[in-house]
Amino acid sequence: MYKIILKQKLAPKIHLLKIKEPILAKKSQPGQFVVLKIDEEGERIPLNIADWDENEGSIDVVFFEKGATTLKLALLNEGDSIVSLAGPLGLPTQIEKFGHVVCIAAGVAAGFIIPIAKAMKQKGNKVTSLIWQKNKKMVFWENRLAGASDRLIIATEDGSYGQKGPAPMILKKMLENGDTIDRINVMGPGPMLKACSDITSPYGIKTIVSLHSIMIDGIGMCGSCRVSVGGKTKFACVDGPDFDGHQVDWKLFSARNNIYKNEEKIAVEQHFS
Amino acid sequence: MEKINLNRVPMPKQKPKTRIKNFDEVALGYNSQQSKNEADRCIQCPNPTCIEGCPVEINIPGFIKAIKDDDMPEALKILKEKNSLPGICGRVCPQEVQCEEKCVFSKKGAPIAIGRLERYVADWEQEHLKSSGQSFIKLKPTGKRVAVVGAGPAGLTVSADLAKLGHQVTIFEALHTPGGVLTYGIPNFRLPKNIVNSEIDYVKSLGVQIELDSVVGKKMTIDELLDNNFQAVFLGVGAGLPMFLNIPGENLNGVYSANEFLTRANLMKAYKFPDYYTPIKIGKRIAVIGGGNVAMDSARTAIRLGSDEVSIVYRRSEVEMPARQEEIENAKEEGIKFRFLTNPKKFLGDEKYWLKGMECNKMKLGKPDKSGRRRPITISDSEFIMHVDIAVVALGTTPNPLIAASDKDLEFTKKGTIIADEKTGKTTKPGVWAGGDIASGSATVISAMGAGQRAAKSIHDYLMSSD
Ligand SMILES: Cc1cc2nc3c(=O)[nH]c(=O)nc-3n(C[C@H](O)[C@H](O)[C@H](O)COP(=O)(O)OP(=O)(O)OC[C@H]3O[C@@H](n4cnc5c(N)ncnc54)[C@H](O)[C@@H]3O)c2cc1C
Ligand SMILES: Cc1cc2nc3c(=O)[nH]c(=O)nc-3n(C[C@H](O)[C@H](O)[C@H](O)COP(=O)(O)OP(=O)(O)OC[C@H]3O[C@@H](n4cnc5c(N)ncnc54)[C@H](O)[C@@H]3O)c2cc1C
Ligand code: FES
């Protein structure tokens, strides 16, 4: 059993859980994730490790209430426990001195891109974080993000805070204005990963996307998470989750993420209505 | 000479019509009369050949005699001397090519049903005694600590044996439940999970600790275990990487690896969806590609999940199928169709990337290949389309490269298996042993247990000679 020692609501439907796990607190690296399971009936779901604290022996996850499992996770409180927490899984994000690195995140990903921005900055890169949220209410951890970056751009879909317009548009403008960018890391929904990759492709800027495909074990045993990159089948849980966005078969990725659309509705109806 | 009785007592089973609607065990087990009748057939050969056929050398005539004599505690004791998991082995071992094949009655087509008797004894224990390690004289604690990686049959066996010798054993298991393939692969209707759990409880009762959610290679490395006060490490991580056909369309929605299909159904209990949260796609027409136990388990799971038509698609003919005969029979009784000499060439999908069908070739058999089975040859221009909405690829598994990536001292074969001495399980890295599917490639439960036993002996010698 793994105990939740802190729970915080960060924005509508977005929560932080701090979970006790001393070994993970020591071992986690930027870009890695855990697979957790709430209880006996629960599904195994992957969540990025948003932060870790060796002294406290804990890790942070931030998540968005999407379907049955994340809705249930949102009902847990401090002091509650979950039955399973495995990690740190996946290959860590490649952190090197690249020059100017742009970290792009939308929605809940604003929470878990921070370790990457931080590590990139520590390596001596100039880091721009470009965060995109629906509206002002959804903006969270602005200070943390600012601290992890040299420059922080916040944009909202409705323009209620920061710049207006989707992140890929802003990225496009940056490039058109002659900003030199050496590397891009993108986290968030599939369509945004694709849009950013499409924009950087003509510029030949390496664009690393974190592919959130559907997982079970997270250690390469089932193949549920398979994606096609550069014409080759890869398991996102062990070969990724980071991949070269210019080589991803996006149609396949989006199709595979929708396999259980009907079942997801049924599960929410069964447990939350 | 005793009169020879060739009437092998049949196994009582759930009726096909009933059992395809549930996930309960198909084979119901002998009752005490049936077990006595079967045991009475054994003529107690003075030089028993059956023992040679047993990878862990159970004193087979001994435990059968105890059944005859109505001395069940004795039967159990004899079994458990050599086999820590008899309830499992009695159910899933391929006795027909092991002990029973060596039985003198085998030539007459009626070997003693050793597996069924083994199961009877194990189930008797379940009913009458609480599984407990106390019936064993445990040696004095040695103060030596052993880390075992993987809680499958190999890991559980090596742990039980070392614990009985007084060593302190901790198992590190990647998943949230121990048991390995016994838990995530083999379905409940063939191997009930309460049986697996009580055998695991037995191992725990010997003092073995099990740390779940512990992916070695990620959460800790082998070197960290060795530095961390473990004097020896045993790797029993199995061969968990699913093989695919590598043909076009294999990533379409609706194409599963058998590992994923069975993991969803068994480990995650998707057959209880939505009470259990993990979904599974069922489909009206399912094709399962392959001819081994894994294919039979997938097909029989599919029919229980409510699929209208389940076909096994196999590129050779029935006689070459590696699955146990008993499981093939069970599958047939349950209405599973068999398409022999058929090989998929391409998966066909619709515009939304959903599987719609498979283009297949007809095959014929040529000369025997390395495996001794006749090689399948594609018949040219024989393409035809099978309409299916789910396909399960059950070709087998290879070792998971995760451990290899995390340790630079271990040596591996081209196939990805760890190089380990067959007699001792010793790897090329000092202090590290390996056994089971990770060393042999996909094999059987009992061969994994045999490897665990041999490694336990070798580890024990090593621990007691080093101070
Ligand atoms: C490596 C990785 C890291 C992730 N990190 C985070 C994170 O830090 N915070 C966060 O909010 N979300 C994260 N996700 C996504 C998160 O796993 C899904 O939102 C969650 O599984 C949804 O489950 P649900 O039952 O609430 O929703 P459902 O209604 O079941 O599913 C909604 C959508 O989530 C995805 N999904 C469903 N089940 C799974 C599964 N078992 N594995 C992966 N995706 C699934 C599918 O796209 C699905 O359409 C991550 C995914 C991956 C692969
Ligand atoms: C569907 C199916 C049906 C089968 N039917 C039969 C049958 O009827 N009869 C028979 O004799 N055999 C059968 N087999 C084969 C048999 O199950 C295997 O040969 C046997 O389980 C191998 O045992 P093992 O201990 O080597 O590995 P496994 O049973 O594979 O166990 C390995 C364990 O190690 C864990 N692990 C893996 N990597 C790590 C890591 N990095 N860190 C920590 N833990 C890790 C895994 O999660 C797993 O629990 C079947 C196999 C399958 C898949
Ligand atoms: S989640 Fe099973 S292989 Fe990646």
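A brief structural summary. Being a predicted model, the structure only gives us computed values, none of them experimental. (Residues numbered from 1 in each chain as written. Chains lettered and ligands numbered in written order. Predicted model: local features only at pLDDT ≥ 70, side-chain atom pairs only at ≥ 80, totals over all residues. Heavy atoms only, no water.)

**Quick look at the overall build of chain B**
Within chain B one finds 17 helices and 16 strands. A compact globule built from 467 residues should have a C-alpha radius of gyration of about 23 Å, and chain B, at 23 Å, falls within 12% of that. Here the C-alpha coordinates of chain B stretch approximately 65 × 60 × 50 Å along the principal axes. Split into buried and exposed, the 467 residues of chain B put 58% on the buried side. Taking contacts inside chain B between residues at least 6 apart in sequence as the whole, the part at least 24 apart equals 70%. Just so you have it, chain B exposes about 19800 Å², and 51% of that area is on carbon and sulfur atoms. (Helix = DSSP H or I, 4+ residues; strand = E, 2+ residues; numbered from the N terminus. Rg over C-alpha atoms; globule rule 2.2 N^0.38 Å. Buried < 20%, exposed > 50% of the residue type's maximum accessible area, 1.4 Å probe, protein only. Contact = heavy atoms within 4.5 Å. Areas by Shrake-Rupley, 256 points an atom, 1.4 Å probe, with all protein chains shown as cover.)

**Here we look at the site of ligand 2**
All names here are of chain B. Inspection of the region around ligand 2 gives 34 residues, with Val92, Ala154, Glu173, Arg190 and Asp437 positioned closest. In the complex, 96% of the free accessible area of ligand 2, which totals 1000 Å², lies under the protein chains. Of all the secondary structure elements, the ones that give two or more residues to the shell around ligand 2 are α8 (153-164), α13 (293-304) and α17 (445-465). Per element, the largest residue contribution to the shell around ligand 2 is 3 residues, and it comes from α13. Here the shell around ligand 2 is built from residues that sort into 20 nonpolar, 10 polar and 4 charged. (Near = heavy atom within 4 Å. Nonpolar A, V, L, I, M, F, W, Y, C, P; charged D, E, K, R; others polar.)

**Structural notes on the interface of chain B and chain A**
Reports often express the size of an interface as the amount of accessible area lost when the parts come together. Facing 42 residues of chain B, the contacting portion of chain A comprises 51 residues. The contact between chain B and chain A buries some 3900 Å² in all, and 56% of this surface belongs to carbon and sulfur atoms. Here chain B and chain A share 4 salt bridges between them. The salt bridge involving Lys219(B) is made with Glu21(A); its shortest N-O contact spans 2.7 Å. Run the count over chain B and chain A and you get 27 residue pairs in polar contact (both at pLDDT 80 or more). Counting residues per element, the ones that place at least two in the side of chain B that touches chain A are β5 (241-242), β6 (255-257) and α12 (258-267) of chain B. Considering each element in turn, the side of chain B that touches chain A owes the most residues, 4 residues, to α12(B). Grouping the amino acids of the side of chain B that touches chain A by side-chain chemistry returns 22 nonpolar, 9 polar and 11 charged. (Buried area = accessible area lost by both parts, 1.4 Å probe. Salt bridge = Lys/Arg side-chain N within 4 Å of Asp/Glu carboxyl O. Polar contact = N/O pair within 3.5 Å; in protein donor to acceptor, adjacent residues only side chain to side chain.)

**So, the site of ligand 1**
Residues and elements named next belong to chain A. Looking at ligand 1, there are 24 residues lining it, with Pro46, Val62, Phe64, Thr69 and Thr70 nearest. Within the backbone of methionine 215, an N or O atom sits 2.9 Å from a nitrogen atom of ligand 1. Protein contacts shield 93% of the accessible area of ligand 1, which totals 860 Å² for the unbound molecule. Broken down by secondary-structure element, the contributors of at least two residues to the shell around ligand 1 are β4 (45-48), β6 (58-64), α2 (68-74) and α10 (261-272). Element by element, the count of residues in the shell around ligand 1 is highest for β4, at 4 residues. By residue class, the composition of the shell around ligand 1 is 12 nonpolar, 7 polar and 5 charged.

**Some points on the packing of aromatic side chains**
Taken as a whole, this structure holds 8 aromatic pairs over all chains when the rule is applied. Ring centres of Trp250(A) and Phe253(A) lie 5.9 Å apart, and the angle between their planes is 90°; on these two criteria the pair is classed as edge-to-face. Residue Trp250(A) and its partner Phe253(A) are located together in helix α9 (residues 250-257), separated by 3 residues, close to a single helical turn. Side by side, Trp250(A) and Phe253(A) carry an identical accessibility label, which is buried. With a centroid separation of 6.2 Å and an interplanar angle of 50°, the aromatic rings of Phe23(B) and Phe189(B) are classed as tilted. Here Phe23(B), found in the loop between α1 (16-19) and α2 (32-41), pairs with Phe189(B), found in the loop between α9 (181-184) and α10 (193-205); they are 166 residues apart in sequence, far enough to count as distant. What makes Phe189(B) buried here is its relative accessible area of 1%. Site record: aromatic cluster; members linked through ring pairs are Phe23(B), Phe189(B) and Tyr271(B). Between the NZ or CZ atom of Lys80(B) and the centre of the ring of Tyr202(B), over which it lies, the distance is 3.8 Å. (Phe/Tyr/Trp six-rings, centres within 6.5 Å; stacked < 30°, edge-to-face > 60°. Lys NZ or Arg CZ within 6 Å of the ring centre and 35° of its normal.)

**Observations concerning the sheet that holds strand β9 (residues 337-339) of chain B**
All names here are of chain B. One open sheet accounts for 5 strands, arranged β6-β14-β7-β8-β9; its pairing is parallel. Each edge of the open sheet carries a strand with a single partner, namely β6 and β9. Between one strand axis and the next, the sheet turns through 25° on average, direction left out of account. The sheet contact formed by strand β8 (residues 309-313) and β9 spans 3 bridges and is parallel. Counterpart to valine 313 in the pairing with β9 is arginine 339. Packing against the sheet, α13 makes contact with β7 (285-289), β8, β9 and β14 (390-393), and its axis sits at approximately 170° to β8. (Pairing = 2+ DSSP bridges. Axes fitted to C-alpha atoms, helices over the stretch in contact; angles between N-to-C directions.)

**Concerning the sheet that holds strand β8 (residues 84-89) of chain A**
All names here are of chain A. Taken in spatial order, the 3 strands make up an open sheet running β4-β3-β8, and their pairing is antiparallel. This sheet does not close on itself; its edge strands, each paired only once, are β4 and β8. Ignoring which end each strand starts from, the neighbouring axes of this sheet average 25° apart. Where strand β3 (residues 33-37) and β8 come together, 4 bridges link them in antiparallel fashion. Looking across to β8, one finds that leucine 36 is bridged to leucine 85.

**Quick word on unusual backbone geometry**
Here the residue pair Gly87(A) and Pro88(A) is connected by a cis peptide bond, since its omega of -10° sits within 30 degrees of zero. Examined against the element boundaries, Pro88(A) turns out to sit in strand β8. With an omega of 10°, the peptide bond running from Gly240(A) to Pro241(A) counts as cis. For Asn246(B), which is not glycine, the phi torsion reads 60° and is therefore positive. Structurally, the position occupied by Asn246(B) is in the loop between β5 and β6. Here the phi dihedral of Leu341(B) falls at roughly 50°; this positive angle occurs in a residue that is not glycine.

**Describing the packing of α13(B) against helix α14 (residues 325-333) of chain B**
Residues and elements named next belong to chain B. At a closest axis distance of 10 Å, the pairing of α13 and α14 adopts a crossing angle of 25°. Taken together, the axis directions place α13 and α14 in an arrangement best described as roughly parallel. As for the relative orientation of α13 and α14, their crossing is left-handed in sense. Where α13 abuts α14, its residues Asn293, Met296 and Arg300 lie against Glu327, Ile328, Asn330 and Ala331. (Parallel < 35°, antiparallel > 145°, perpendicular 65-115°, else oblique. Left-handed = near helix turned anticlockwise from the far one by under 90°.)

**Looking at the pairing of strand β11 (residues 355-368) of chain B**
Residues and elements named next belong to chain B. Here strand β10 (residues 342-349) pairs with β11 via 7 bridges, running antiparallel. Bridge pairing in β11 links threonine 342 to lysine 362. Turn length for the β10-β11 hairpin, with the two strands adjacent in sequence and antiparallel, is 5 residues, and the turn residue tyrosine 353 shows positive phi of about 70°. In this sheet, strand β13 (residues 384-387) lies alongside β11 in antiparallel orientation, the contact comprising 4 bridges.

**Section: the nonpolar core**
Within the largest apolar cluster, 66 residues are counted, with the highest numbers of intra-cluster contacts made by Ile60(B), Phe63(B), Ile64(B) and Ile459(B). Counting residues per element, this core draws most heavily on α17(B), which supplies 8 residues. Residues contacting Ile459(B), with those up to four places away along its chain left out, are Val146(B), Val158(B), Leu162(B), Ala232(B), Phe234(B) and Trp433(B). Judged by nonpolar contacts, the second largest core, of 48 residues, contains Ala155(A), Phe243(A), Tyr184(B) and Phe244(B). (Core = buried A, V, L, I, M, F, W, Y, C linked by side-chain atoms within 4.5 Å.)

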